[in-house]
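# Architecture and fold: a report
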Amino acid sequence: MLQNRVTPLGDLIAVAERGLVFGNRGCLHDGGRQIRRAYNGRRWIACRLEFRGRRRGRMMQPGRYTELFFLDEATALAAGHRPCAECRRADYRRLLELQPWAAGADDLDARLHGERLLAGRPFERRLHSAQLDELPDGAFILRDGAPWMVHGSRVREWTPAGYAGSRRRSVGGTAALITPPALLPLLADDRPRLVPLLHPSV
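Residues numbered from 1 in each chain as written. Predicted model: local features only at pLDDT ≥ 70, side-chain atom pairs only at ≥ 80, totals over all residues. Heavy atoms only, no water.

## Quick notes on the overall build of the chain
- Counting its regular elements, the chain contains four helices and 14 strands.
- Taking 202 residues into account, the globule formula puts the C-alpha radius of gyration at 17 Å, and the chain, at 16 Å, falls close to it.
- Principal axes of the C-alpha set define a box for the chain whose edges measure 50 × 40 × 35 Å.
- Here the chain holds 202 residues, and the buried ones make up 48% of them.
- The contacts in the chain between residues at least 6 apart in sequence include a share of 65% that link residues at least 24 apart.
- Accessible area for the chain stands at about 9,600 Å²; split by element, carbon and sulfur atoms hold 48% of it. (Helix = DSSP H or I, 4+ residues; strand = E, 2+ residues; numbered from the N terminus. Rg over C-alpha atoms; globule rule 2.2 N^0.38 Å. Buried < 20%, exposed > 50% of the residue type's maximum accessible area, 1.4 Å probe, protein only. Contact = heavy atoms within 4.5 Å. Areas by Shrake-Rupley, 256 points an atom, 1.4 Å probe, with all protein chains shown as cover.)

## Details of the layout of surface pockets
- Estimates place the volume of the second largest pocket at around 230 Å³.
- In terms of lining residues, the second largest pocket is bounded by 17 residues, among which G10, D11, R25, A38 and F123 are the most central.
- Ranked by residue count, the leading element in the lining of the second largest pocket is strand β8 (residues 121-125), at four residues.
- Residues belonging to the lining of the second largest pocket are distributed by class as follows: nine nonpolar, two polar and six charged. (1 Å grid on protein atoms, 1.4 Å probe; cavity = no way out; pocket = protein on both sides within 12 Å on 5 of 7 lines; lining within 4 Å. Points joined across faces, edges and corners; volume = space filled by probe spheres on them. Nonpolar A, V, L, I, M, F, W, Y, C, P; charged D, E, K, R; others polar.)

## As for the sheet that holds strand β10 (residues 140-143)
- Across the sheet, which stays open at both edges, the six strands sit in the order β9-β14-β10-β11-β12-β13 with antiparallel pairing between neighbours. Looking at the sheet topology across the chains shown, the edges are occupied by β9 (128-131) and β13 (162-168). Strand-to-strand twist in this sheet, taken as the mean axis angle between neighbours without regard to direction, amounts to 45°.
- As defined by bridge partners, β10 adjoins strand β11 (residues 146-151) across four bridges and the pair is classed as antiparallel. Residue L142 lies in a different strand from β11, and its bridge partner there is P147. (Pairing = 2+ DSSP bridges. Axes fitted to C-alpha atoms, helices over the stretch in contact; angles between N-to-C directions.)

## Let's talk about unusual backbone geometry
- One non-glycine residue, M60, lies in the positive phi region at around 55°.
- Position of M60 among the secondary structure elements: in the loop between β4 (45-47) and β5 (68-70).
- Judged by its relative accessible area of 1%, M60 is buried.
- Phi is positive for D144, close to 55°, though the residue is something other than glycine.
- Along the polypeptide, D144 turns up in the loop between β10 and β11.
- Among the residues examined, D144 registers a relative accessible area of 63% and is labelled exposed.

## As for the packing of aromatic side chains
- Within this structure, the stated rule accounts for four aromatic pairs.
- Here the aromatic rings of F22 and Y65 are separated by 6.4 Å at their centres, their planes lie at 65°, and the arrangement is edge-to-face. On the criterion of sequence distance, the pair formed by F22 in strand β3 (residues 21-24) and Y65 in the loop between β4 and β5 is long-range, its members being 43 residues apart.
- For F22, a relative accessible area of 3% puts it in the buried group.
- Counting every residue linked through ring pairs, the aromatic cluster contains F22, Y65 and F69.
- Of note, R111 hangs over the ring of W101, and the distance from its end group to the ring centre comes to 3.8 Å. (Phe/Tyr/Trp six-rings, centres within 6.5 Å; stacked < 30°, edge-to-face > 60°. Lys NZ or Arg CZ within 6 Å of the ring centre and 35° of its normal.)

Interpretation note: all reported values are geometric properties and have no functional meaning in isolation.
Below, the structure is given as structure tokens:
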């Protein structure tokens, strides 16, 4: 079983489920298909599972990017992956429209890299303080040491197979936000997207 499923915190785990969104963050594996690094570069992207009939060969080929899978787009965004500029061009352009400070992919990737990892500690996840009742559906928070997804008046626990138990979302107060703030406007935008925002288990 390959270690290429991504949690909302950006960790790579080995589970049977594959999820609804595909992506990569460079070549992370060695010749034996073992993960050797958390990322390779700042370009962390989230893609469609299928695009123009392209067929993928054996996973984790030597010298190629490491194929990653996410439960859904909310999970991919929480992990810090933005829409691909090729297979998800419309979603990518929408993100640029929502972030007028970004002229293109390099600006987006530089901002996201700083929002997902602590400065000076490149392997430690950065969390952000946010008002819980102001977060859009699909945003992830850290609660009791685990990732929970905001959904309406409740928060739902993430698992590799889908969303499990739920609790009522508190009114007022702050939360430890996992999703990079630069990606929150994309969650708040209700236009159709090219990948599933939420897994059916929600």
